[in-house]
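Residue-level structural notes
Each chain is listed here by its residues.
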Amino acid sequence: MEDFKKVFEANKAWAASTTATDPEFFSRLAHQQTPEHLWIGCSDSRVPANQIMDLPPGEVFVHRNIANIVVPSDLNCLSVLQYAIEVLKVRHVIVCGHYGCGGIAASMSSQKNGMIDNWLRHIRTTARIYSDLIDKAATQEEKTDLLCELNVIEQVQNVCSTTIVQDAWDRGQKFAVHGIIYSVKNGLLKDVMHCEAGNKVTHGEDFPAVLK
Ligand code: ZN
């Protein structure tokens with residue numbers, strides 16, 4: 001318990017320094033949040049949404065789960081998506097994967113991990129669809145990294161296929177769904193793909209070459 005006191009000490013120092021820099025910061029945020037971004041990312045502790053995009057509190061609405069998966073049976077994720085689009089009216093829905101994802105690696109292993117293996121089956125389905133491409137990758141690291149990218153593409157498509165997104169685009173609401181991937185090795189984001197109303201898809205400059 002003693003070491004947990006650090007949490008409150010660090011919090012007090014952060015609140016004090018934030019108020020010193022911007023005296024209205026908390027009173028402004030307490031009034032309302034108007035984020036332009038919804039971030040759907042991995043739970044991995046190395047992939048924090050606000051820090052990676054260098055955005056302060058109030059700028060990103062966040063949903064995270066293991067391996068940034070979006071499935072239509074997940075009421076938690078769908079509720080976040082609906083609130084972000086219909087109430088907050090975000091301009092950008094971001095699906096962010098990351099290289100070296102433990103969830104992706106575990107899905108490629110035959111090792112048993114308990115309950116989480118049920119969740120990882122969503123990734124195994126993607127791996128099966130693209131098995132020809134994945135098999136061609138030379139090393140296990142390359143196979144895993146490719147599946148990290150393919151998983152982003154699948155999850156962007158899953159977001160776009162929801163009734164929430166399709167109905168919003170039909171209403172004329174303006175927002176884009178972006179697929180990006182983060183490298184924990186250098187802190188940089190790669191641009192995989194973008195989708196807009198009318199299911200218009202644009203490949204980013206880092207769209208996987210094997211799919212072109
Ligand atoms: Zn991960």
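For the structure given in this document, a descriptive report is provided here. In this text the structure is predicted, and so the values were computed from the model without any measurement.

Moving on to unusual backbone geometry. Among all residues except glycine, the phi angle is most often negative; among peptide bonds, the trans geometry is most common. Of note in this structure, A67 is not a glycine but carries a positive phi near 70°. Inspection of the secondary structure puts A67 in the loop between strand 2 (60-65) and helix 4 (75-87).

For the rest of this paragraph, the subject is the sheet that holds strand 3 (residues 92-98). Judged by pairing direction, the sheet is mixed, and its six strands sit side by side in the order 2-1-3-4-5-6 without closing on themselves. Each edge of the open sheet carries a strand with a single partner, namely strand 2 and strand 6 (200-203). Taking each pair of neighbouring strands and ignoring which way they run, the sheet shows an average axis angle of 20°. Bridge count between strand 1 (residues 37-42) and strand 2: six bridges; the pairing is parallel.

Below, the discussion takes up the packing of aromatic side chains. A ring pair, where both rings are aromatic, is described by two values, the distance of the centres and the angle of the planes. For the structure shown, the criterion picks out five aromatic pairs. Pairing F4 with F8 gives two aromatic rings, centres 5.7 Å apart and planes at 85°, and the pair type is edge-to-face. Centroid distance W14 to F26: 5.5 Å. Interplanar angle 80°. Geometry classified as edge-to-face. Here F26 lies in helix 2 (residues 25-31) and W14 lies in helix 1 (residues 5-21), a separation of 12 residues in the sequence. On the basis of relative accessible area, W14 is assigned to the partly exposed category, the value being 42%. In textbook terms, an aromatic cluster arises when at least three aromatic residues are bridged by ring pairs, as seen for W14, F25 and F26.

Inspection of the secondary structure assignment puts H98 in strand 3. Sequence-distant contacts of H98, that is, excluding residues within four places in its chain, are made with C42, D44, R46, V47, C148, I181, Y182 and V184.

With respect to the helices, strands and loops of the structure, D44 is situated in the loop between strand 1 and helix 3 (49-53). By relative accessible area, which is 16% here, D44 ends up buried. Reaching out from D44, the side chain makes a polar contact with the side chain of R46 at a distance of 2.7 Å. When residues no more than four places from it in sequence are discounted, the contact partners of D44 are R64 and H98.

The next point concerns the coordination of the zinc ion. Under perfect tetrahedral coordination by four donors, a metal shows angles of 109.5 degrees; under perfect octahedral coordination by six donors, it shows angles of 90 or 180 degrees. With distances of 2.0 to 2.3 Å, the protein atoms coordinating the zinc ion are C42 (SG), H98 (NE2) and C101 (SG). Here the donor residues of the zinc ion are spaced in sequence according to C-x55-H-x2-C. Of this pair, C42 sits in strand 1 while H98 sits in strand 3, placing them 56 residues apart in sequence. C42 sits in the buried class, given a relative accessible area of 5%. Residue classification places H98 among the buried residues on the basis of a relative accessible area of 2%.

Rules behind the numbers
- Residues numbered from 1 in each chain as written.
- Predicted model: local features only at pLDDT ≥ 70, side-chain atom pairs only at ≥ 80, totals over all residues.
- Heavy atoms only, no water.
- Helix = DSSP H or I, 4+ residues; strand = E, 2+ residues; numbered from the N terminus.
- Pairing = 2+ DSSP bridges.
- Axes fitted to C-alpha atoms, helices over the stretch in contact; angles between N-to-C directions.
- Phe/Tyr/Trp six-rings, centres within 6.5 Å; stacked < 30°, edge-to-face > 60°.
- Buried < 20%, exposed > 50% of the residue type's maximum accessible area, 1.4 Å probe, protein only.
- Contact = heavy atoms within 4.5 Å.
- Polar contact = N/O pair within 3.5 Å; in protein donor to acceptor, adjacent residues only side chain to side chain.
- Donors = N, O, S within 2.8 Å, 3.2 Å for Na, K, Ca; no water.

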